[in-house]
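Residues per chain are reported as follows:
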Amino acid sequence: MITIFGSINMDLIATTDRLPKPGETVAGNGFSTAAGGKGANQALAARRAGATVRMSGAVGNDGFAAPALELLDAAGTDLSTTRRVSQPTGTALILVGGDGENMIAVVPGANGTNTAEDAAAAVAALNSGDTLMLQFEIPVDAVETALNAAKAKGVRTVLNLAPLIPEAERLGRLADIVIANETEFERLAGQDNMSAAERETALVRLHGETGQTLIVTLGGDGVIAIRDGELSSAKGLVIEPVDTVGAGDTFCGYFAASLDEGLDFHASLRRAAVAGSLACLKAGAQPSIPVASEVAERL
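A brief look at the structure comes next. Just so we're clear, the structure is a prediction, and the values are computed from it rather than from any experiment. (Residues numbered from 1 in each chain as written. Predicted model: local features only at pLDDT ≥ 70, side-chain atom pairs only at ≥ 80, totals over all residues. Heavy atoms only, no water.)

## Description of the overall build of the protein
For the protein, the count of helices and strands is 10 helices and 13 strands. For the protein, the residues scored as buried account for 51% of the 299 residues in total. Counted over contacts in the protein with a minimum sequence separation of 6, partners at least 24 positions apart contribute 68%. Accessible area of the protein: about 12,400 Å², with a carbon and sulfur share of 51%. (Helix = DSSP H or I, 4+ residues; strand = E, 2+ residues; numbered from the N terminus. Buried < 20%, exposed > 50% of the residue type's maximum accessible area, 1.4 Å probe, protein only. Contact = heavy atoms within 4.5 Å. Areas by Shrake-Rupley, 256 points an atom, 1.4 Å probe, with all protein chains shown as cover.)

The following block contains the structure:
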């Protein structure tokens with residue numbers, strides 16, 4: 001069983017030939033909406049990977065609530081601990097350039113109502129050996145409470161250090177498994193502009209200090225990780241990305257689902273890296289998350 005305690009959003013997506021510079025207006029060439037939020041994205045990815053998944057979070061009593069939950073519900077995600085609140089459903093405003101890169105502004109809305117009490121309730125339903133996955137699109141005290149409560153129960157915790165917040169370094173040390181991109185890992189390590197060799201050195205150092213499993217996603221270069229004192233890496237697919245929105249969340253969800261399924265660590269990394277690559281091949285947020293059969297064909 002995997003519980004994701006995190007954000008649920010409605011994404012408003014505009015595409016442009018290129019991303020604007022500060023203060024600049026550019027013409028768009030497309031617009032769409034999609035269910036999103038890092039928590040919901042990761043929950044859907046884990047569910048499409050084949051895991052049993054519970055989504056804990058909050059949406060509003062507005063017109064965005066139902067479409068924000070539609071894909072999760074259709075996939076068979078347990079939504080019994082997803083609350084309806086008076087705040088509006090969270091939204092993300094996304095610009096996608098012609099090269100697939102993106103800019104995102106997130107308005108928390110209902111996601112900001114998640115409390116330490118909600119965190120305790122989410123963990124209370126878990127058993128030793130289950131997995132709890134978190135991100136930083138809900139209040140910090142809720143994340144911290146969930147991490148500490150899960151540790152006390154013997155629940156495996158996976159923390160994605162996104163979006164990057166000032167508390168990332170402190171809270172990152174509370175999880176069993178930490179997943180970060182290059183920029184997020186540099187914050188965790190306290191060093192900017194790392195070379196590949198410096199990244200490996202930092203991984204070994206931090207792992208020696210905490211004993212945690214540390215995973216750094218490297219975009220088209222795959223992923224590097226350290227677990228039980230051993231460095232390992234995995235490659236995704238060689239692709240021309242159409243849209244990178246949701247790729248990191250797809251990696252996280254597939255990785256957690258693969259561990260939950262009993263795959264070994266390296267196989268879990270490889271499966272998640274391939275899934276993340278496939279998520280970049282078409283525009284959109286959650287709809288671009290591949291199903292398990294699509295990933296299996298490319299392994």
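## Re the packing of aromatic side chains
The description of an aromatic ring pair rests on the distance of the ring centres and on the angle between the ring planes. Tallied over the entire structure, the rule returns two aromatic pairs. Ring geometry for F255 and F265: centres 5.9 Å apart, planes at 90 degrees, overall edge-to-face. Taken together, the positions of F255 in helix 8 (residues 247-261) and F265 in helix 9 (residues 265-278) put the pair 10 residues apart, joining distant regions of the chain. The exposure class of F255 is buried, given its relative accessible area of 0%. Looking at F265, the relative accessible area reads 13%, which means it is buried. Grouping aromatic residues by their ring pairs yields a cluster made of F251, F255 and F265. (Phe/Tyr/Trp six-rings, centres within 6.5 Å; stacked < 30°, edge-to-face > 60°.)

## A word on helix 4 (residues 140-153)
The end-to-end C-alpha distance of helix 4, which contains 14 residues, comes to 20 Å, matching closely the 20 Å that a straight helix rising 1.5 Å per residue would cover. Among the residues of helix 4, those classed as buried are A142, V143, A146, L147 and A150. Each buried residue of helix 4 lies within a common arc of 130 degrees when the element is viewed along its axis, so the set occupies one face. In helix 4, the exposed positions that point more than 90 degrees away from the buried face belong to K151 and A152. Looking at the buried residues of helix 4, the elements they touch are strand 1 (2-5), helix 3 (116-124), strand 8 (131-134), strand 9 (156-160) and helix 5 (168-172). (Expected span 1.5 Å × (residues − 1). Arc of directions from axis to C-beta.)

## Overview of the pairing of strand 9
Burial runs high along strand 9: four of the five residues are buried. Where strand 9 meets strand 10 (residues 177-181), three bridges bridge the pair, whose relative direction is parallel. The partner of L159 across the bridge, within strand 10, is V178. (Pairing = 2+ DSSP bridges.)

## Details of the sheet that holds strand 5 (residues 82-85)
Reading across from one edge, 5-4-1-8-9-10-11-12-13 is the order of the nine strands in this open sheet, with mixed pairing throughout. Either end of the sheet is taken by a strand with one partner, and the two such strands are strand 5 and strand 13 (230-234). Taken over all neighbouring pairs, the strand axes of this sheet differ in orientation by 15 degrees on average, direction set aside. Along the sheet, helix 4 contacts strand 1, strand 8 and strand 9; its crossing angle with strand 8, the most-contacted strand, is approximately 160 degrees. Relative to the sheet, helix 7 (residues 196-210) contacts strand 11 (213-217), strand 12 (223-227) and strand 13, its axis offset from that of strand 12 by approximately 25 degrees. (Axes fitted to C-alpha atoms, helices over the stretch in contact; angles between N-to-C directions.)

## Observations regarding the environment of E117
Looking at where E117 falls in the secondary structure, it is placed in helix 3. C-alpha of E117 to C-alpha of S293: the two residues are 176 residues apart in sequence and 38 Å apart in space. At a separation of 3.2 Å, a polar atom in the side chain of E117 contacts the side chain of T115. (Polar contact = N/O pair within 3.5 Å; in protein donor to acceptor, adjacent residues only side chain to side chain.)

## Concerning the nonpolar core
Judged by nonpolar contacts, the single largest core of 43 residues is most densely connected at I179, I215, F251, Y254, F255 and L269. Looking at this core, the elements with two or more residues in it are strand 1, helix 1 (38-48), strand 4 (53-60), helix 2 (65-74), strand 10, strand 12, helix 8 and helix 9. The contact partners of L269, leaving out residues within four places of it in the chain, are I215, V223, A225, S232, A234, F251 and F255. If you look at the next biggest cluster of nonpolar residues, it comprises 34 residues, including V123, L147, V155 and A189. (Core = buried A, V, L, I, M, F, W, Y, C linked by side-chain atoms within 4.5 Å.)

## Focus: the side chain of E184
Turning to its location among the elements, E184 is positioned in helix 6 (residues 182-189). For the buried E184, which has no salt bridge, the nearest side chain bearing the opposite charge is K38, at an N-O separation of 6.4 Å. Apart from the residues lying within four places of it in its own chain, the contact partners of E184 are N160, L161, A162 and L164. (Lys, Arg positive; Asp, Glu negative; His and termini not counted. Salt bridge = Lys/Arg side-chain N within 4 Å of Asp/Glu carboxyl O.)

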